[in-house]
Amino acid sequence: NGLYTYTDSLYYLGTKNELFALPVSSFTWFKKMNCLIVGTKGSGIYLKTKKGPLRIHEKNGLSSNSVKLVRSRGGEIFAATDKGLDIIRFSDKGANTFSVRHIDKNKGLPGNRINDLIVNDSILYAATDKGIAVIDYKDIKKNSVSPKLFLKSVLINDTHSEIRKEYALAFH
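None of these values were measured; they are calculated from a predicted model.

(A) Seen up close, the overall build of the chain. Each helix and strand in the chain was counted, giving zero helices and 15 strands. Projected onto its principal axes, the C-alpha coordinates of the chain cover approximately 80 × 40 × 30 Å. When burial is assessed residue by residue, the chain has 33% of its 172 residues classed as buried. Counting contacts in the chain only where the partners sit at least 6 residues apart, residues at least 24 apart contribute 34% of the total. Summed over its atoms, the accessible surface of the chain is roughly 11800 Å², and 50% of this surface lies on carbon and sulfur atoms. Looking at charge distribution, the chain has the averaged site of its 27 positive side-chain charges lying 4 Å from that of its 16 negative ones.

(B) View of the sheet that holds strand β12 (residues 123-128). As summarised here, the arrangement of the three strands in space is β11-β12-β13, forming an open sheet in which the pairing is antiparallel. Each of the sheet's edge strands pairs with one partner strand only, and the pair in question is β11 (114-120) and β13 (131-136). Put simply, the sheet's adjacent strands are angled 15 degrees from each other on average, direction ignored. Across six bridges, the pairing between β11 and β12 is antiparallel. By the bridge assignment for β12, Ile114 is matched with Thr128.

(C) Expanded view of the sheet that holds strand β8 (residues 76-81). If you walk across this open sheet you meet the four strands as β7-β8-β9-β10, and the pairing is antiparallel. Whereas interior strands pair on both sides, the edge strands pair on one side only; in this sheet they are β7 (67-73) and β10 (98-103). Between one strand axis and the next, the sheet turns by 20 degrees as a mean value, whatever way the strands run.

(D) Molecular detail of the pattern of salt bridges. Within this structure, the stated rule accounts for three salt bridges. The closest approach of N and O atoms between Asp116 and Arg71, which form a salt bridge, is 3.1 Å. Of this pair, Asp116 sits in strand β11 while Arg71 sits in strand β7, placing them 45 residues apart in sequence. When its relative accessible area of 29% is taken as the criterion, Arg71 is described as partly exposed. One salt bridge connects Arg73 with Asp121, and the closest N-O pair in it is separated by 3.0 Å. On the criterion of sequence distance, the pair formed by Arg73 in strand β7 and Asp121 in the loop between β11 and β12 is long-range, its members being 48 residues apart. Taking the relative accessible area as the measure of exposure, Arg73 reaches 34% and is therefore partly exposed.

(E) A look at the side chain of Thr49. Note that Thr49 resides in strand β5 (residues 45-49). At a separation of 2.3 Å, a polar atom in the side chain of Thr49 contacts the main-chain carbonyl oxygen of Gly52. If we skip the residues at most four places from it in the chain, Thr49 touches Met33 and Cys35.

(F) Representation of unusual backbone geometry. Even without being glycine, Asp121 reaches a positive phi, approximately 55 degrees. Using a relative accessible area of 53% as the deciding quantity, one classes Asp121 as exposed. A positive phi angle is found at Asp158, which is not glycine, with a value near 65 degrees. In this structure, Asp158 sits in the loop between β14 (154-156) and β15 (159-161).

Definitions and cut-offs
- Residues numbered from 1 in each chain as written.
- Predicted model: local features only at pLDDT ≥ 70, side-chain atom pairs only at ≥ 80, totals over all residues.
- Heavy atoms only, no water.
- Helix = DSSP H or I, 4+ residues; strand = E, 2+ residues; numbered from the N terminus.
- Buried < 20%, exposed > 50% of the residue type's maximum accessible area, 1.4 Å probe, protein only.
- Contact = heavy atoms within 4.5 Å.
- Areas by Shrake-Rupley, 256 points an atom, 1.4 Å probe, with all protein chains shown as cover.
- Lys, Arg positive; Asp, Glu negative; His and termini not counted.
- Charge placed at Lys NZ, Arg CZ, Asp CG, Glu CD.
- Pairing = 2+ DSSP bridges.
- Axes fitted to C-alpha atoms, helices over the stretch in contact; angles between N-to-C directions.
- Salt bridge = Lys/Arg side-chain N within 4 Å of Asp/Glu carboxyl O.
- Polar contact = N/O pair within 3.5 Å; in protein donor to acceptor, adjacent residues only side chain to side chain.

Here it is as structure tokens:
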């Protein structure tokens, strides 16, 4: 039920900060910020920094607060959730400035529930509930092409009209 520390004896950190009382699902070290990353079962992730905890959750960009595991590589944090994978990248402006990229079954994962994760250079290996994905995550681009639009019908003043290239409509 939360995070403990041990020097001469076991000390519960949940009395110091309520974030440290959350059930822990996974943790790892984040070299870029020299801090511990903790994934929780219902409250997203938090970073235990020297300045205090920083929470990343649904309200500030995480796809789900149910985090199965966390990994880090370079300057990025990978959070495996029940809704896919979130890649968190911090800017050089400070700990509170970060962006979150989301990868789910619409972007290459066979399923959204991730059970295990390995990050090797730019290759991501994700074991999901529907199979294993191998993705070059740095090569995923945003869709910059607008979807094609196909009209099936046109209503003008609640009357079906034939589909034409142009319409001249009166206005008041």
